[in-house]
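Residue-level listing of the chains:
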Amino acid sequence: MNTKGKLKFLDNTDQAPEYVASIGGGDQTEHVGNYSFHTVAIADARELDTPPRVDQQGFQLIDQDRSVANFHDDVQVREAFYPIVRDAMMSKLGCQSVEIFDHTLRTSSLAKQKELGIRESANIVHNDYSSPSGIQRLQDFLSDSGRSREFDSLCERRFAIVNYWRSIAGTVANYPLIFCDARTLSPHDPVPVTRRSRNRTGELQVARYNPLQRWYYFSQMKNSEAMLFKTFDSDESNPSRFCFHSSFDDPLAPADAPPRESIELRCFVFY
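This write-up is about the structure you can find in this document.

Each value, and the rule that gives it
Residues numbered from 1 in each chain as written. Predicted model: local features only at pLDDT ≥ 70, side-chain atom pairs only at ≥ 80, totals over all residues. Heavy atoms only, no water. Helix = DSSP H or I, 4+ residues; strand = E, 2+ residues; numbered from the N terminus. Buried < 20%, exposed > 50% of the residue type's maximum accessible area, 1.4 Å probe, protein only. Contact = heavy atoms within 4.5 Å. Areas by Shrake-Rupley, 256 points an atom, 1.4 Å probe, with all protein chains shown as cover. Lys, Arg positive; Asp, Glu negative; His and termini not counted. Charge placed at Lys NZ, Arg CZ, Asp CG, Glu CD. Salt bridge = Lys/Arg side-chain N within 4 Å of Asp/Glu carboxyl O. Pairing = 2+ DSSP bridges. Axes fitted to C-alpha atoms, helices over the stretch in contact; angles between N-to-C directions. Core = buried A, V, L, I, M, F, W, Y, C linked by side-chain atoms within 4.5 Å. Bend = angle between axes of the 7 residues up to and from the residue. Expected span 1.5 Å × (residues − 1).

## Regarding the overall build of the protein chain
In terms of helices and strands, the protein chain carries four helices and 16 strands. In the protein chain, which comprises 271 residues, the share counted as buried stands at 51%. Contacts spanning at least 24 positions in sequence make up 80% of the contacts within the protein chain whose residues lie at least 6 apart. Just so you have it, the protein chain exposes about 12,400 Å², and 45% of that area is on carbon and sulfur atoms. Here the protein chain contributes 31 positive and 37 negative side-chain charges, whose respective centroids are spaced 0 Å apart.

Right, dumping it as structure tokens:
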């Protein structure tokens, strides 16, 4: 079902923008800079004649009907869920190998953030990496893993960073993920921004509003489904190098909609 939503965009760079990531447990990510909200039309991607694909629009819905008993147990997630995600990536993306380098739990409920010590739903239009930081993230991952010598050989191949996202608390009734068709971004839209977290300083991208952008979501997403979306591609000719995304308060959602809970994994995909 098509809808509308208010999305948070960078307004201007008069004040140097910066993204200070939350830790979890009730604190909120700080968006330093000048931002404004724009109401955008949001199409239900379920109604498209041809489903979106990671290497075209930048995002893709897949079926994923297997789970783990407790997503709040890091050991279970890494030992039982990482292999499921790896298999899904290999099957859907046609890549040669996948390496998962982190995962994040989020909820739209402040009470649950405090109770479970997890982070809030992202609420700004952004992409997780820029051209330099995608490469830097691979270098850091290999260095942290004691595999620095592999960096040059891996960089000779095409690689991407693809995020895997799914609900862990039933059907998503509100605050669903929203994606911009990567082909509708103008070169002026993305703006690189320093990202600071407790353990790492990097760079992501925020976006300026552009009426030519086309936005999509998947209505009533079930926990037997998962989203794949690309946040970096070393192939500069690919039409979906970066997939800008956010979440939004859906005006069509029922007033008593349960809070959204999700898990997101970030993966290196090597072709």
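## Observations concerning the pattern of salt bridges
As enumerated under the stated definition, the model contains 14 salt bridges in all. A salt bridge links Arg-147 to Glu-150; the nearest nitrogen and oxygen atoms lie 2.9 Å apart. The class for Arg-147 is partly exposed, based on a relative accessible area of 21%. By relative accessible area, Glu-150 is classed as partly exposed at 30%. Lys-230 is the partner of Asp-233 in a salt bridge, and the nearest nitrogen-oxygen pair spans 2.9 Å. The class of Asp-233 is buried, set by a relative accessible area of 0%. Residues joined by salt bridges that share partners form a network here, namely Asp-55, Arg-158, Lys-230 and Asp-233.

## Things to note about the sheet that holds strand 9 (residues 159–167)
Reading across the sheet, the six strands line up as 5-14-9-16-6-7 and stay open at both edges, with mixed pairing between neighbours. Of all the strands in the sheet, just strand 5 (59–63) and strand 7 (119–120) have a single pairing partner and so form its edges. Of the pairings in the sheet, the one linking strand 6 (residues 97–107) to strand 16 (residues 261–270) comprises 10 bridges and is antiparallel in character. Across the sheet, the residue bridging to Ile-100 is Cys-267, located in strand 16. Seen against the sheet, helix 1 (residues 74–93) touches strand 5, strand 6, strand 9, strand 14 (225–233) and strand 16 and runs at an angle of roughly 120 degrees to strand 6.

## Thoughts on the nonpolar core
Phe-81, Met-89, Leu-93, Tyr-164 and Leu-265 are the most contacted members of the largest nonpolar core, which totals 28 residues. Of all the elements in the fold, those that place two or more residues in this core are helix 1, strand 6, strand 9, strand 14 and strand 16. The element contributing the most residues to this core is helix 1, with eight residues. Those residues in contact with Tyr-164 that lie beyond four places of it in its chain are Ile-62, Gln-64, Phe-81, Val-85, Met-89, Ala-226, Met-227, Leu-228, Ile-263, Glu-264 and Leu-265. If you look at the next biggest cluster of nonpolar residues, it comprises 26 residues, including Phe-101, Phe-159, Ile-178 and Phe-242.

## A word on helix 1
Largest kink in helix 1: about 40 degrees, centred on Phe-81, with the proline Pro-83 one to four residues after it. Buried residues along helix 1 sit against strand 5, strand 6, strand 9, strand 14 and strand 16. In the stretch just after helix 1, Gly-94 is the one whose phi turns positive, near 65 degrees.

## Thoughts on the environment of Ser-121
Position of Ser-121 relative to the elements: it lies in the loop between strand 7 and strand 8 (126–127). Contacts of Ser-121, omitting those with residues within four sequence positions, involve Arg-106, Thr-107, Ser-108, Ser-247 and Arg-260.

## Considerations on helix 3 (residues 131–144)
Given a rise of 1.5 Å per residue, 14 residues ought to cover 20 Å, and the 21 Å separating the end C-alpha atoms of helix 3 matches this to within 8%. Of the positions making up helix 3, those classed as buried are Ser-133, Gly-134, Arg-137, Leu-138, Phe-141 and Leu-142. Where helix 3 is buried, its residues touch strand 6, helix 4 (151–155), strand 9, strand 12 (201–207), strand 14 and strand 16. Taken from the residues just after helix 3, Gly-146 is the one with a positive phi, measuring 70 degrees.

## A look at the pairing of strand 11 (residues 190–196)
One ladder, built from three bridges, connects strand 2 (residues 18–20) with strand 11; its direction is parallel. Looking at strand 11, one finds that Val-20 is bridged to Arg-196. One ladder, built from seven bridges, connects strand 11 with strand 12; its direction is antiparallel. Residue pairing across strands places Val-191 opposite Val-206, the latter belonging to strand 12. Counting the residues that bridge the hairpin from strand 11 to strand 12 gives four residues.

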